[in-house]
Amino acid sequence: MKFDLFIQSIDMGHCPDQIQRQALFDLVLFLIVSDGVISEHETDFMQNWLDSIEWSADVCKEEYYTSTLLKCYAAIKTHTVSDFLLHRAKLLVDFHMKQQAMTLVRSVAIADGELDEAEQQVINLLSDVLED
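Residues numbered from 1 in each chain as written. Predicted model: local features only at pLDDT ≥ 70, side-chain atom pairs only at ≥ 80, totals over all residues. Heavy atoms only, no water.

(A) Spotlight on a nonpolar patch on the surface. On the surface, Ile38, Leu70, Tyr73 and Ile76 cluster together into a nonpolar patch covering about 340 Å² of accessible area. Relative to the elements of secondary structure, isoleucine 38 occurs in the loop between helix H2 (16-34) and helix H3 (40-52). Given a relative accessible area of 32%, isoleucine 38 falls into the partly exposed group. (Patch = residues over 30% accessible without salt bridge, like charges linked within 9 Å, V, L, I, M, F, W, Y side chains within 5 Å. Areas by Shrake-Rupley, 256 points an atom, 1.4 Å probe, with all protein chains shown as cover. Salt bridge = Lys/Arg side-chain N within 4 Å of Asp/Glu carboxyl O. Helix = DSSP H or I, 4+ residues; strand = E, 2+ residues; numbered from the N terminus. Buried < 20%, exposed > 50% of the residue type's maximum accessible area, 1.4 Å probe, protein only.)

Dropping the structure here:
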């Protein structure tokens, strides 16, 4: 699986680390969107995080943020949440990135002081995939 991802990355001209950064960002942003309420604090957190990470994608960070946000909403609306999450989770091939993903989604889920049922479902799904 890691080799296939590596080959795909070479073919597409993307760095595997960049792919993992984007997947990690996607998962955390989805968790924020999943409860139906995006606070200013959550938006600021995500924007600051995106501003602080190394970026080598073809699309600029702002466009990526907006595009991913729309994909998150689309996954919820079309009931393809599992597909969305599983696809991104499988892009996390490094053990450290898997751990970081779980730490971040758990931290973000309780940041507002309330763990929504939708957030818990996301955490459970990711835990099954990333912590096996």
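(B) Quick look at the packing of aromatic side chains. One pass over the structure, following the stated rule, counts six aromatic pairs. Measuring from ring centre to ring centre gives 5.6 Å for phenylalanine 25 and tryptophan 49, while their planes differ by 40 degrees; the resulting arrangement is tilted. A residue pair is termed long-range when its members are at least 10 positions apart, and phenylalanine 25 in helix H2 and tryptophan 49 in helix H3 qualify at 24 residues. Taken individually, phenylalanine 25 and tryptophan 49 each receive the classification buried, so the pair is uniform in this respect. An aromatic cluster of at least three residues, connected via ring pairs, comprises Phe25, Phe45, Trp49, Trp55, Tyr64 and Tyr65. (Phe/Tyr/Trp six-rings, centres within 6.5 Å; stacked < 30°, edge-to-face > 60°.)

(C) Representation of the environment of leucine 92. By the secondary structure assignment, leucine 92 is in the loop between helix H5 (81-91) and helix H6 (95-111). Here leucine 92 falls in the buried class, since its relative accessible area comes to 2%. The sequence separation of leucine 92 and glutamine 22 amounts to 70 residues, and the corresponding C-alpha distance is 9.6 Å. With residues up to four places along the chain from it excluded, the contact list for leucine 92 reads Gln20, Ala23, Leu24, Leu27, Met97, Lys98, Ala101 and Leu130. (Contact = heavy atoms within 4.5 Å.)

(D) A look at the nonpolar core. Phe25, Met46, Trp49, Leu92 and Leu126 are the most contacted members of the largest nonpolar core, which has 38 residues in total. Counting only elements with at least two residues in this core, the list comes to H2, H3, helix H4 (61-77), H5, H6 and helix H7 (117-130). Of all the elements, H2 adds the most residues to this core, at 11 residues. Ignoring any residue separated from it by four or fewer positions in sequence, one finds methionine 46 in contact with Phe25, Val28, Leu29, Ile32 and Tyr65. (Core = buried A, V, L, I, M, F, W, Y, C linked by side-chain atoms within 4.5 Å.)

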